[in-house]
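Structural characterization, general
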Amino acid sequence: MRTNNTPTIPGVTGVILAGGLSSRMGSNKALLPYKGGRFIEAIHRQLSELFDEVLLVTNQPDQYAFLGCRMVADLHPGMGALAGLHSGLHHAATPHIFAVACDMPYLNNTLIRRLAALRGHNDVVIPQGEMGVEPLHAMYAKECLGPMENALQSGRRRIISFFPEVRVNTFSRSVVAAIDPDFNSFRNINTPEEYFDMRRNEPHTLQSPLALPDRQQRSSEG
Ligand SMILES: Nc1nc2c(ncn2[C@@H]2O[C@H](COP(=O)(O)OP(=O)(O)OP(=O)(O)O)[C@@H](O)[C@H]2O)c(=O)[nH]1
């Protein structure tokens, strides 16, 4: 549900990828407690402030029913995040999507709006972080569907593998740094150590009571 009156970004669907295995975390990282709910709830809430529709790409919809958003499955199961992006783009009702991972709790609305402003003449608008480009925090146009499909059909799983076939606008590191100086937007939580570090450094984000999705969830957590 939206909590402010700032206009949404027209023609763009927010897409959250939640089809990974969370093997490094050892349990579904999208459901980790955060800000009185779950990681994925915080991400969903933030994208809902920016886009009229938020789409979840998952192969386990029963785990996310509490979010109340549209869910779609991978069209190329087992092919990783590129398959998640492809399915989100395929199912979106808008010409563009803005895609993020399910483990990035520090999204920055200003940065996302600045990326979206460049979508007009580009098929991909992607920011550069400290480690290079960030394909799981980027805008994609429907024009990417064919090249993504080709990549998946030929067994290429790296997201950037289709970039040579489309128009890519890279948002430079220095421009990103002016908006998000610590590059927190791209910080994700992959391991129990990273999660407990986060809890140690930000106890306030975990103080409010957990909004558990359902009874089954509660009993499975002991
Ligand atoms: N829809 C979909 N999303 C995926 C798939 N593989 C990874 N993702 C998502 O892509 C994002 C980044 O993936 P990773 O950080 O590697 O997540 P993961 O695969 O769950 O974690 P590890 O098993 O520890 O590598 C996360 O939001 C994942 O949920 C997939 O096959 N389909």
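Residues numbered from 1 in each chain as written. Predicted model: local features only at pLDDT ≥ 70, side-chain atom pairs only at ≥ 80, totals over all residues. Heavy atoms only, no water.

1. A look at the site of the ligand
Near the ligand, the surroundings consist of 19 residues, among which Leu17, Ser22, Ser23, Arg24 and Asp74 are the closest. Taking 610 Å² as the accessible area of the ligand by itself, protein coverage stands at 84%. Residues that form the shell around the ligand fall into these classes: eight nonpolar, seven polar and four charged. (Near = heavy atom within 4 Å. Areas by Shrake-Rupley, 256 points an atom, 1.4 Å probe, with all protein chains shown as cover. Nonpolar A, V, L, I, M, F, W, Y, C, P; charged D, E, K, R; others polar.)

2. Some details on the UniProt feature "binding site: Mg(2+)" (unreviewed entry) in the protein chain
Here, the residues flagged by UniProt with the feature "binding site: Mg(2+)" (unreviewed entry) are Asp103. Mapped onto the fold, Asp103 is located in the loop between strand 6 (96-101) and helix 3 (109-116). Here Lys29 takes part through its side chain, which lies 2.9 Å from a polar atom of the side chain of Asp103. (UniProt positions renumbered as here; feature names shortened; annotations may be inferred. Helix = DSSP H or I, 4+ residues; strand = E, 2+ residues; numbered from the N terminus. Polar contact = N/O pair within 3.5 Å; in protein donor to acceptor, adjacent residues only side chain to side chain.)

3. Quick word on the packing of aromatic side chains
Note on aromatic pairs: each is described by the distance of the centres and the angle between the planes. All chains considered together, the criterion is met by seven aromatic pairs. Each ring, one from Phe162 and one from Phe163, has its centre 5.1 Å from the other, and the planes form 85°; the classification is edge-to-face. Like Phe163, Phe162 is buried. (Phe/Tyr/Trp six-rings, centres within 6.5 Å; stacked < 30°, edge-to-face > 60°. Buried < 20%, exposed > 50% of the residue type's maximum accessible area, 1.4 Å probe, protein only.)

4. Some points on the packing of helix 2 (residues 81-91) against helix 4 (residues 145-153)
Axis separation between helix 2 and helix 4 bottoms out at 10 Å; the angle between their running directions is 145°. Crossing of helix 2 over helix 4 shows left-handed handedness. Here Leu82, Ala83, Leu85, His86, Leu89 and His90 of helix 2 come into contact with helix 4, specifically with Leu145, Met148, Glu149, Ala151 and Leu152. Tallied by class, residues from the contact of helix 2 with helix 4 come to eight nonpolar, two polar and one charged. (Axes fitted to C-alpha atoms, helices over the stretch in contact; angles between N-to-C directions. Left-handed = near helix turned anticlockwise from the far one by under 90°. Contact = heavy atoms within 4.5 Å.)

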